[in-house]
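# Tertiary structure, described
One-letter residues, chain by chain:
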Amino acid sequence: MSKSLAKLIMKMFPFHLEINDRWAKYTAEYIRGDKNAAVQTAHYRYEYESNLDFVQTYFPKFDINEFRGKHLFELGSFTGGALVRWVERYGFAKADGIDVNPLYAEAGNIYAQQMGMPVKLTTGFGENIPFPDNSFDFIFTHDVMEHVRSVEATMDELYRVLKPGGKLLCVFPQFLQPLESHLDFSSRVPALHWFFSGKTLAQAHYEIIKERGEKAEWYAPESPDLESWEKLPSLNGISIGKFRKIIKRRNWEVLYVGLNPILSDGRRAKLPLFKILRLLFFIPARLPFLEELFRGRINYVLQKPK
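What comes next is a walk through the structure. (Residues numbered from 1 in each chain as written. Predicted model: local features only at pLDDT ≥ 70, side-chain atom pairs only at ≥ 80, totals over all residues. Heavy atoms only, no water.)

## Describing the overall build of the protein chain
In terms of regular secondary structure, the protein chain is built from 11 helices and 7 strands. Against the 2.2 N^0.38 benchmark of 19 Å for 306 residues, the protein chain shows a C-alpha radius of gyration of 19 Å, consistent with a compact globule. When the backbone C-alpha atoms are referred to their principal axes, the protein chain occupies close to 55 × 45 × 40 Å. Out of the 306 residues in the protein chain, the part that is buried amounts to 50%. In the protein chain, the 41 positive side-chain charges and the 36 negative ones have mean positions that sit 5 Å from each other. (Helix = DSSP H or I, 4+ residues; strand = E, 2+ residues; numbered from the N terminus. Rg over C-alpha atoms; globule rule 2.2 N^0.38 Å. Buried < 20%, exposed > 50% of the residue type's maximum accessible area, 1.4 Å probe, protein only. Lys, Arg positive; Asp, Glu negative; His and termini not counted. Charge placed at Lys NZ, Arg CZ, Asp CG, Glu CD.)

## What about the pairing of strand 2 (residues 94–99)?
In terms of residue burial, strand 2 counts as a mostly covered element, since 5 of its 6 residues are buried. Inspection of the sheet shows strand 1 (residues 71–75) paired to strand 2 by 5 bridges, in the parallel sense. When the sheet's bridge partners are listed, Phe 73 is paired in strand 2 with Asp 96. In this region the chain leaves strand 1, passes through helix 5 (residues 81–90) and returns to the parallel neighbour strand 2; the handedness of that crossover is right-handed. Of the pairings in the sheet, the one linking strand 2 to strand 3 (residues 119–123) comprises 5 bridges and is parallel in character. Paired with Ile 98 across the two strands is Thr 122, which belongs to strand 3. In terms of handedness, the path from strand 2 via helix 6 (residues 102–115) over to strand 3 forms a crossover that is right-handed. (Pairing = 2+ DSSP bridges. Right-handed = clockwise from strand over helix to strand, strands pointing away.)

## What about the layout of surface pockets?
In this model, the second largest pocket occupies a volume close to 310 Å³. Forming the boundary of the second largest pocket are 15 residues, of which Asn 51, Leu 52, Gly 266, Arg 267 and Lys 270 lie nearest the centre. Elements with a contribution of two residues or more to the lining of the second largest pocket: helix 3 (35–52) and helix 10 (272–280). Among the elements that make up the lining of the second largest pocket, the one with the highest residue count is helix 3 (5 residues). When grouped by side-chain class, the residues that make up the lining of the second largest pocket number 4 nonpolar, 4 polar and 7 charged. (1 Å grid on protein atoms, 1.4 Å probe; cavity = no way out; pocket = protein on both sides within 12 Å on 5 of 7 lines; lining within 4 Å. Points joined across faces, edges and corners; volume = space filled by probe spheres on them. Nonpolar A, V, L, I, M, F, W, Y, C, P; charged D, E, K, R; others polar.)

## Focus on a nonpolar patch on the surface
A surface patch of nonpolar side chains, amounting to about 470 Å² of accessible area, comprises Phe 282, Ile 283, Leu 287, Phe 289 and Leu 290. Inspection of the secondary structure puts Leu 287 in the loop between helix 10 and helix 11 (290–294). (Patch = residues over 30% accessible without salt bridge, like charges linked within 9 Å, V, L, I, M, F, W, Y side chains within 5 Å. Areas by Shrake-Rupley, 256 points an atom, 1.4 Å probe, with all protein chains shown as cover. Salt bridge = Lys/Arg side-chain N within 4 Å of Asp/Glu carboxyl O.)

## A short note on the packing of aromatic side chains
Enumeration according to the criterion identifies 29 aromatic pairs in this entry. Their ring planes at 40 degrees and their centres at 5.2 Å tell us that Phe 54 and Phe 140 sit as a pair that is tilted. Highlighted residues: Phe 54 in helix 4 (residues 54–58) and Phe 140 in strand 4 (residues 136–142), separated in sequence by 86 residues. Assigned by exposure class, Phe 54 and Phe 140 land together as buried. (Phe/Tyr/Trp six-rings, centres within 6.5 Å; stacked < 30°, edge-to-face > 60°.)

## Quick notes on the nonpolar core
One finds Phe 54, Val 55, Phe 59, Phe 67, Phe 140 and Leu 169 to be the most contacted residues of the largest nonpolar core, which totals 35 residues. With residues near it in sequence (within four places) discarded, Phe 54 still touches Glu 49, Phe 59, Trp 86, Tyr 90, Phe 140, Thr 141, His 142, Leu 169 and Val 171. In this structure, Val 151, Leu 158, Ile 246 and Trp 252 belong to the second largest nonpolar core, which totals 28 residues. (Core = buried A, V, L, I, M, F, W, Y, C linked by side-chain atoms within 4.5 Å. Contact = heavy atoms within 4.5 Å.)

## Let's talk about the environment of Leu 255
Its location among the elements puts Leu 255 in strand 6 (residues 253–257). For the pair Leu 255 and Val 301, spaced 46 residues apart in the sequence, the C-alpha separation amounts to 5.4 Å. Ignoring any residue separated from it by four or fewer positions in sequence, one finds Leu 255 in contact with Lys 167, Val 301 and Gln 303.

## Some details on the side chain of Arg 278
In this structure, Arg 278 sits in helix 10. One buried charge, Arg 278, has no salt-bridge partner; the nearest side chain with opposite charge is Asp 265, at 8.6 Å. Excluding its chain neighbours within four sequence positions, the residues that come into contact with Arg 278 are Pro 261, Ile 262, Leu 263, Ser 264 and Ala 269.

## Regarding the pattern of salt bridges
What the rule picks out here adds up to 20 salt bridges. The salt bridge involving Asp 133 is made with Arg 160; its shortest N-O contact spans 2.8 Å. Of this pair, Asp 133 sits in the loop between strand 3 and strand 4 while Arg 160 sits in helix 7 (residues 151–161); the two residues are 27 residues apart in sequence, bridging distant segments of the chain. Note that Arg 249 is salt-bridged to Glu 152, the shortest N-O span being 2.9 Å. One end of the pair, Arg 249, is in helix 9 (residues 240–249); the other, Glu 152, is in helix 7, with 97 residues separating them in the sequence. On the accessibility criterion, Glu 152 (36% relative accessible area) is partly exposed. Several salt bridges converge on common partners, so that one network encompasses Lys 3, Lys 7, Lys 11, Glu 207 and Glu 211.

Structure follows, in structure tokens:
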């Protein structure tokens, strides 16, 4: 019954990822193994980062002069477009990145070469980063930590590969944030996971996309079942409270914590209505427990002790 109700609600406000969208088109083609399309996704992400400005958006008080001539690492680099833009924009001497699919690394390395940037991508996982201890001056990770199998193990690895005094700039949504359930491919309804279990929503999500037939095959989930580490499809359930405990256990030095409410970033943030709405969430985003619901992102600058 709960699955039927969830499915009914989700289908009332559906989201269709149409193939004529540029990002969707490239993504569909690279999933089928088209290397050139994968390179195009890198350029798409490069353009997106050019408009976003990761550091200015999430860390507005950070002195970008610290980046010049340093070695950057990105966890979750996809096909490298953002990493190439960061090196270009901030003056890093070189950069490395990892992601889970070998095609990402291949396409990203082609793109970096085309752009003439000292960027190298490698296949790897956050829980086992393929670099020696004390390798990097800075680490960036944007909307990736919520997808790793173990946040604790990944944070241990990031600590290990940072040089003493090195800094981690990380941004990612906490699990109870209402706009980040990652059910976008099936529905526009926010906060579904406040009312239904992850198992129920995963099954409804799977069935809705499967019902769309061949045109949706390229983004259809492989299974209606969750992995042992998942709370929703691809999400590990990280919370603000749990993340605080993880960084405390490792003795990270906290240099900055972002407190912006939901609707503060992304393209929607520029809409007049959303500017008004986020004012309503300003105080709840700073209160215990309510922060889990109304803060826009877990947003930290952390430093490995010198």
